[in-house]
Amino acid sequence: MKADPACTELPSAALGGPVSHAVSRVARLHRFAAGRLLKGLGLYPGQEFLMMYLWDAGAVRQSELIKAVDLDPSTVTKMLQRLEQTGHVRRCPDPDDRRAVLVEATDDSCALHADVERAWTNLEEHTLAGLDPAEREELARLLAKVEKNLCHEAEDCPERR
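First things first, this report covers the structure right here in the doc. (Residues numbered from 1 in each chain as written. Predicted model: local features only at pLDDT ≥ 70, side-chain atom pairs only at ≥ 80, totals over all residues. Heavy atoms only, no water.)

Some points on the pattern of salt bridges
Item 1. Evaluation of the coordinates by the stated rule reveals 7 salt bridges.
Item 2. The salt bridge involving arginine 118 is made with aspartate 115; its shortest N-O contact spans 2.5 Å. Taken together, the positions of arginine 118 and aspartate 115, both in helix α6 (residues 110-128) and 3 residues apart, correspond to about one turn of that helix.
Item 3. According to the relative accessible area criterion, arginine 118 is partly exposed, its value standing at 47%.
Item 4. The partner of glutamate 138 in a salt bridge is arginine 141, with the nearest N and O atoms 2.7 Å apart. Within this pair, glutamate 138 and its partner arginine 141 are both found in helix α7 (residues 133-153), separated by 3 residues, close to a single helical turn.
Item 5. Taking relative accessible area as the criterion, glutamate 138 reaches 34% and is therefore assigned partly exposed. (Salt bridge = Lys/Arg side-chain N within 4 Å of Asp/Glu carboxyl O. Helix = DSSP H or I, 4+ residues; strand = E, 2+ residues; numbered from the N terminus. Buried < 20%, exposed > 50% of the residue type's maximum accessible area, 1.4 Å probe, protein only.)

Description of empty space enclosed by the protein
Rolled over the atoms, a probe as big as a water molecule pinpoints where empty space is left.
Item 1. Applying the stated rule across the entire model yields 1 cavity of 30 Å³ or more.
Item 2. Here the largest cavity defines a volume of roughly 30 Å³.
Item 3. If you go around the largest cavity, the residues you meet are Ala34, Leu37, Leu38, Ala119, Trp120 and Leu123.
Item 4. Counting residues per element, the ones that place at least two in the lining of the largest cavity are α2 (18-39) and α6. (1 Å grid on protein atoms, 1.4 Å probe; cavity = no way out; pocket = protein on both sides within 12 Å on 5 of 7 lines; lining within 4 Å. Points joined across faces, edges and corners; volume = space filled by probe spheres on them.)

A word on the packing of helix α3 (residues 47-57) against α6
Item 1. Running from amino to carboxyl end, α3 crosses α6 at an angle of 120 degrees, the nearest separation of the two axes being 11 Å. The angle between α3 and α6 falls in the class oblique. As α3 runs across α6, the sense of the crossing is left-handed. Contacts from Glu48, Phe49, Met51, Met52 and Trp55 in α3 reach Leu112, His113, Val116 and Trp120 in α6. (Axes fitted to C-alpha atoms, helices over the stretch in contact; angles between N-to-C directions. Parallel < 35°, antiparallel > 145°, perpendicular 65-115°, else oblique. Left-handed = near helix turned anticlockwise from the far one by under 90°. Contact = heavy atoms within 4.5 Å.)

Re the environment of glycine 130
Item 1. Inspection of the secondary structure puts glycine 130 in the loop between α6 and α7.
Item 2. By relative accessible area, glycine 130 is classed as exposed at 76%.
Item 3. When the C-alpha atoms of glycine 130 and alanine 100 are compared, they prove to be 48 Å apart, with 30 residues separating the residues in sequence.

Observations regarding the pairing of strand β3 (residues 97-105)
Item 1. In this sheet, β3 lies alongside strand β1 (residues 60-61) in antiparallel orientation, the contact comprising 2 bridges. If you follow arginine 61 over to β3, its bridge partner there is leucine 102.
Item 2. Pairing analysis gives 6 bridges linking strand β2 (residues 89-94) to β3, with the strands arranged antiparallel. Across the sheet, the residue bridging to arginine 91 is valine 103, located in β3.
Item 3. If you look at the hairpin formed by β2 and β3, you'll find 2 residues sitting between the two strands. (Pairing = 2+ DSSP bridges.)

Focus: the nonpolar core
Soluble globular proteins tend to pack their nonpolar side chains together in the buried interior.
Item 1. In terms of nonpolar packing, the biggest core is built from 19 residues, with Leu50, Met51, Leu54, Leu65, Val76, Leu80 and Val89 touching the most fellow members.
Item 2. Mapped by element, the contributors of at least two residues to this core are α3, α4 (62-69), α5 (73-85), β3 and α6.
Item 3. Apart from the residues lying within four places of it in its own chain, the contact partners of leucine 50 are Leu65, Val69, Val76, Met79, Leu80 and Leu83. (Core = buried A, V, L, I, M, F, W, Y, C linked by side-chain atoms within 4.5 Å.)

Overview of the layout of surface pockets
Item 1. Of the volumes computed, that of the largest pocket is approximately 1,200 Å³.
Item 2. Taken together, 32 residues make up the lining of the largest pocket; nearest its centre are Val23, Val26, Ala27, His30 and Leu143.
Item 3. Contributing elements (two or more residues each) for the lining of the largest pocket: α2, α3, α6 and α7.
Item 4. Of the residues forming the lining of the largest pocket, the biggest block, 10 residues, is contributed by α2.

Pasting the structure below:
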């Protein structure tokens, strides 16, 4: 089986950044693989991050959720509308500030929690297949360093807030 050139050949414009090019390709493929797993759960990529936050945090203001997931407010609003339509989240006025909206995971989303956990475990195993435990640990360590480097460059990095 011949390798796909898009997965193996470096474009001439990326010759000065082979690692950056590889990270971009890996991120795209990882998001695609996650999307396939999530589609089976009735979720779009990114919605699982909202749900993960809500499952751990409980009811939060929508503005806090937007900051926590670091997405555009209109994107989060659209995601919440879809999650609300499927019965996974509930939005209501904040009793302490009627102008603010509280968002929380519903009791019905408990089954989804287990499904998302299973999907992420499957994604992890698929992503890291062929790596031994030491390689997995080293990859996680190196990616954390890369993330820290990139975060220092980002003006709106969550760590800088």
